[in-house]
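Structure at a glance
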Amino acid sequence: MRNRRKAVFEEPGYWQSYSDMMAALLLIFILLIAITLFVYRQKRTDLENARLQLNATRQELMDSKEELLNSMRELEEASARATMTEDELQEAYRRIDEAQAELDSTRSELRDIVGIRTDIIGELQKRFDNSSMKVDAQTGTITFSSDVLFRYNSDRLTPESKATLTEIIPMYLGVLLQDAFRPYISEIIIEGHTDTDGGYQSNMVLSTGRADSVASFCLDPENGLTPEQIEQLQKMLTVNGRSYSVPIMDASTGEVDMAASRRVEIKFRLREEEMIEKITEILEKGMEEE
């Protein structure tokens, strides 16, 4: 009896096998669910990463588009500036050409004036070839000794000096006022000078008075010039007193030559100085534009 019960209990039962099978199936089901959840989460993570990457790419594209638009605007602005610069450059070239033409014209006038100075001095020397009065070969100046024209400390012409001036003035001014030379002469100057004896101011008064006396003589129609020449001279004449500011030095002693310093000079100034100033102005203008 006991052996039979023991055999019954020791034999494997049907329900035990079924229970094991159900446990195995449940384990497999749970495993499948776990795998599915893992795959789902992984796919969700990948999708989220893909979305983030897509957003980043979209932002990069938008930034690139903005940079492209900015670059295009800068290019358009640069193109506009280049066009403006080209116009300005052409305008600068035009101004340079005009300045060059004006400079060439002024240089030509200056060359003519330089030649005119030589012609005037040559004509003056020819006129005074047989005269005791000498014409300076460099400047064309003639110089009267004050001792010949005036008494000591006086600015009134002596009767003897008037005869000298009547001979010399028409010869000298006649050359300067002729049609061939007059347009090139800017100024005819009569200058009085004294020696260094006495004060500067008193000598200034004396030198100015003497120059003015010679000028008045030249403008008197009874002293050799025609009314037409006098009218022309009035437009060009300048009278200066220089006191003893420009003395004549004795080359042998190095001291002031008192007799030679007392003098009245008549000279002329050509328009070359005006031409030089004009050339300088053109050059300075060109440098400023550059």
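Position numbers for residues count from 1 along each chain, tracking the sequence in the order it is written. Per-residue local features are limited, in this predicted model, to residues with pLDDT of at least 70; the limit for side-chain atom pairs, both in listing and counting, is 80 or more; totals at the level of whole chains, interfaces and linings are taken over all residues. Side-chain metrics rest on all non-hydrogen atoms present in the structure, leaving aside hydrogens and water.

Another point: the overall build of the protein chain. The helix count covers DSSP runs of H or I at least four residues long, the strand count covers runs of E at least two residues long, and both are numbered beginning at the N terminus. Of regular secondary structure, the protein chain possesses 8 helices and 4 strands. Going residue by residue from the N terminus, the α and β elements of the protein chain occur as α-α-β-α-α-β-α-α-β-α-β-α. Summary of the burial criterion: residues with accessible area below 20% of their type's maximum are buried, those above 50% are exposed, and those between are partly exposed, where the area comes from a 1.4 Å probe applied to protein chains only. In the protein chain, which comprises 290 residues, the share counted as buried stands at 27%. Once local pairs closer than 6 in sequence are excluded, the contacts in the protein chain between residues at least 24 apart make up 75%. Carbon and sulfur atoms make up 55% of the accessible area of the protein chain, which totals about 20100 Å². Whether two residues are in contact is decided by their heavy atoms, any of which lying within 4.5 Å being enough. Reported accessibility uses the Shrake-Rupley method at a 1.4 Å probe radius. Residues are deemed covered only where the shown protein chains occlude them.

On to unusual backbone geometry, then. Phi angles above zero are rare outside glycine, and Asn-153 is one such case at about 60°. Within the element layout of this structure, Asn-153 appears in the loop between helix H3 (146-149) and helix H4 (159-176). Judged by relative accessible area, Asn-153 falls into the exposed class, the value being 57%. A positive phi angle, near 50°, is found at Ser-243, a position not held by glycine. Among the structural elements, Ser-243 can be located in the loop between strand E3 (237-241) and helix H7 (258-261). Given a relative accessible area of 0%, Ser-243 falls into the buried group.

All right, on to the packing of aromatic side chains then. For Phe, Tyr and Trp, rings pair up if their centres lie within 6.5 Å, where Trp contributes its six-membered ring, and each pair is then called stacked (planes under 30 degrees apart), edge-to-face (over 60) or tilted (otherwise). Applying the stated criterion across every chain yields a total of 2 aromatic pairs. Where Phe-128 meets Tyr-172, the ring centres are 6.4 Å apart and the plane angle is 65°; that geometry is what we call edge-to-face. Of this pair, Phe-128 sits in the loop between helix H2 (14-127) and strand E1 (142-145) while Tyr-172 sits in helix H4; the two residues are 44 residues apart in sequence, bridging distant segments of the chain. With respect to class, Phe-128 is no different from Tyr-172; both count as buried. Where Tyr-200 meets Tyr-244, the ring centres are 5.4 Å apart and the plane angle is 85°; that geometry is what we call edge-to-face. Taken together, the residues span a long stretch of sequence, with Tyr-200 in helix H5 (residues 200-219) and Tyr-244 in the loop between E3 and H7 at a distance of 44 residues.

Like-charged residues are merged into a patch within 9 Å and nonpolar side chains (Val, Leu, Ile, Met, Phe, Trp, Tyr) within 5 Å, provided each residue has over 30% relative accessible area and no salt bridge. Basic side-chain nitrogens of Lys or Arg form a salt bridge, by our definition, when they fall within 4 Å of a carboxyl oxygen of Asp or Glu. The grouping of Met-21, Met-22, Leu-25, Ile-28 and Leu-32 at the surface amounts to a nonpolar patch, some 470 Å² of accessible area in total. In this structure, Leu-25 sits in helix H2.

Right, let's get into the side chain of Glu-265. By the element assignment, Glu-265 lies in strand E4 (residues 263-270). The class of Glu-265 is buried, set by a relative accessible area of 13%. A distance of 2.9 Å separates a polar atom in the side chain of Glu-265 from a polar atom in the side chain of Arg-263. Residue contacts for Glu-265: discarding those within four places in its chain leaves Thr-141, Ile-142, Thr-143, Ile-189, Ile-190, Glu-191 and His-193. N or O atoms within 3.5 Å of each other form a polar contact, as long as, within protein, one can give a hydrogen and the other can take it, and as long as residues adjacent in sequence are counted only when both atoms are side-chain atoms.

Glancing now at the pattern of salt bridges. Going through the model one piece at a time under the given rule, you end up with 13 salt bridges. A salt bridge links Glu-91 to Arg-94, with the nearest nitrogen and oxygen atoms 2.3 Å apart. Within this pair, Glu-91 and its partner Arg-94 are both found in helix H2, separated by 3 residues, close to a single helical turn. A relative accessible area of 38% places Arg-94 in the partly exposed class. When salt bridges with common partners are traced through the structure, they connect Glu-191, Arg-242, Arg-263, Glu-265 and Lys-267 into a single cluster.

Right, let's talk about the nonpolar core for a bit. In terms of nonpolar packing, the biggest core is built from 38 residues, with Leu-173 and Ile-188 touching the most fellow members. Elements with a contribution of two residues or more to this core: H2, E1, H4, strand E2 (185-193), H5, helix H6 (227-236) and E4. The biggest single contributor to this core is H4, with 7 residues. Not counting residues up to four positions away in its chain, the partners in contact with Leu-173 are Ile-188, Cys-218, Leu-225 and Leu-233. The criterion is simple. A nonpolar core is a set of buried Ala, Val, Leu, Ile, Met, Phe, Trp, Tyr and Cys residues joined through side-chain atoms within 4.5 Å.

Here the focus is the side chain of Ser-243. Of the polar contacts made by the side chain of Ser-243, one reaches the backbone oxygen of Tyr-200; its length is 2.9 Å. With near-sequence residues (within four places) excluded, Ser-243 lies in contact with Gly-192, His-193, Thr-194, Tyr-200, Asn-203, Met-204 and Ser-207.

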